[in-house]
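# Reading the structure
Below are the chains, spelled out letter by letter.
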Amino acid sequence: MNHPPYALPRLTAMIKQAVPRLLEGVVAPLAVFYAALALLGLHGALVAAVSWVYLGVLWRLVRRRPVPGTMLLAAIAITVRALIGLWSGSAVVYFIQPELGTICISMAFLASVRLNRPLVQRLTLDYIHLPSFVLRHERVRRFFARITLLWAFVLLTNSTVSIWLLLHQSIGTYLLVRTTAVAVISGLAFLGSAWAFRRVLQRLHAEVPAITH
């Protein structure tokens, strides 16, 4: 029995879904921190950054919307970062922690490819449903392995650039340049990944006998 063709959502729809999360999770916290740093100093900026995350959690609870597990982990992580930043009295210490964590994640991406369990596949399934017969196809398996390698190097590049800026530039320059650089690099990688994924699915549709059981 043949499976019906499976189509990936439109790229514009995927971007519309990703942009609000990017604004809320990346751009807004940095904007809040920078504004508070200019007005209230380092301690006030740390408190403001933590408050922003917890307000996001509270907003979802008040509206009876589910709180993503990633948001809860982010709340815990930023609390620990802020406490260490307050203890050290250094903005550099506050910002370098996630960069070191990102390097560890990039290493995990590389290891997952070696273990034939590409992490990008698991992350993708959190947002997009893919039938099991699609996931079992060799072309799809190769795609996720290659994209996981791509994102491992994207994360490593982002962290390397960020750490260099953090150690050699002012905090204001770091926030501005780092946000722009990471957005450009990650945005291009996302568009390239989505385009490649669509091509893979289009080829699968042309090979219906090969993906049916």
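Residues numbered from 1 in each chain as written. Predicted model: local features only at pLDDT ≥ 70, side-chain atom pairs only at ≥ 80, totals over all residues. Heavy atoms only, no water.

### Some details on the overall build of the protein chain
- Secondary structure assignment for the protein chain yields 7 helices and 0 strands.
- Going from N to C terminus, the protein chain has its helices and strands arranged as α-α-α-α-α-α-α.
- Across the 213 residues of the protein chain, 36% fall into the buried class.
- Within the protein chain, counting contacts between residues at least 6 apart in sequence, those at least 24 apart form 70% of the total.
- Entry remark: accessible area of the protein chain is about 13,000 Å², with carbon and sulfur atoms responsible for 69%. (Helix = DSSP H or I, 4+ residues; strand = E, 2+ residues; numbered from the N terminus. Buried < 20%, exposed > 50% of the residue type's maximum accessible area, 1.4 Å probe, protein only. Contact = heavy atoms within 4.5 Å. Areas by Shrake-Rupley, 256 points an atom, 1.4 Å probe, with all protein chains shown as cover.)

### A short note on the pattern of salt bridges
- In total, this model carries 1 salt bridge according to the counting rule given.
- Salt-bridge contacts for Arg 178 lead to Glu 99; the nearest nitrogen and oxygen are separated by 3.1 Å. Residue Arg 178 is located in helix 7 (residues 171-205), and its partner Glu 99 is located in helix 3 (residues 91-114); the two are separated by 79 residues in the primary sequence. (Salt bridge = Lys/Arg side-chain N within 4 Å of Asp/Glu carboxyl O.)

### Describing the packing of aromatic side chains
- Considering all chains together, one arrives at 4 aromatic pairs under this definition.
- Aromatic side chains Phe 143 and Phe 197 sit 5.0 Å apart centroid to centroid with 10° between the ring planes, which places their arrangement in the stacked category. Taken together, the residues span a long stretch of sequence, with Phe 143 in helix 6 (residues 138-168) and Phe 197 in helix 7 at a distance of 54 residues.
- With a relative accessible area of 5%, Phe 197 lands in the buried category.
- Three or more aromatic residues joined by ring pairs form one cluster here, namely Phe 143, Phe 144 and Phe 197. (Phe/Tyr/Trp six-rings, centres within 6.5 Å; stacked < 30°, edge-to-face > 60°.)

### Here's the deal with unusual backbone geometry
- Of note in the backbone geometry, Asn 116 takes a positive phi value of approximately 60° without being a glycine.
- Its location among the elements puts Asn 116 in the loop between helix 3 and helix 4 (119-125).

### Side note on helix 3
- Relative to the 34 Å expected for 24 residues at 1.5 Å per residue, helix 3 spans 36 Å between its end C-alpha atoms, a close match to the ideal helical length.
- Within the span of helix 3, buried status applies to Ala 91, Tyr 94, Phe 95, Glu 99, Thr 102, Ser 106, Phe 109, Ser 112 and Val 113. (Expected span 1.5 Å × (residues − 1).)

These results come straight from atomic positions and should not be treated as a statement about function.
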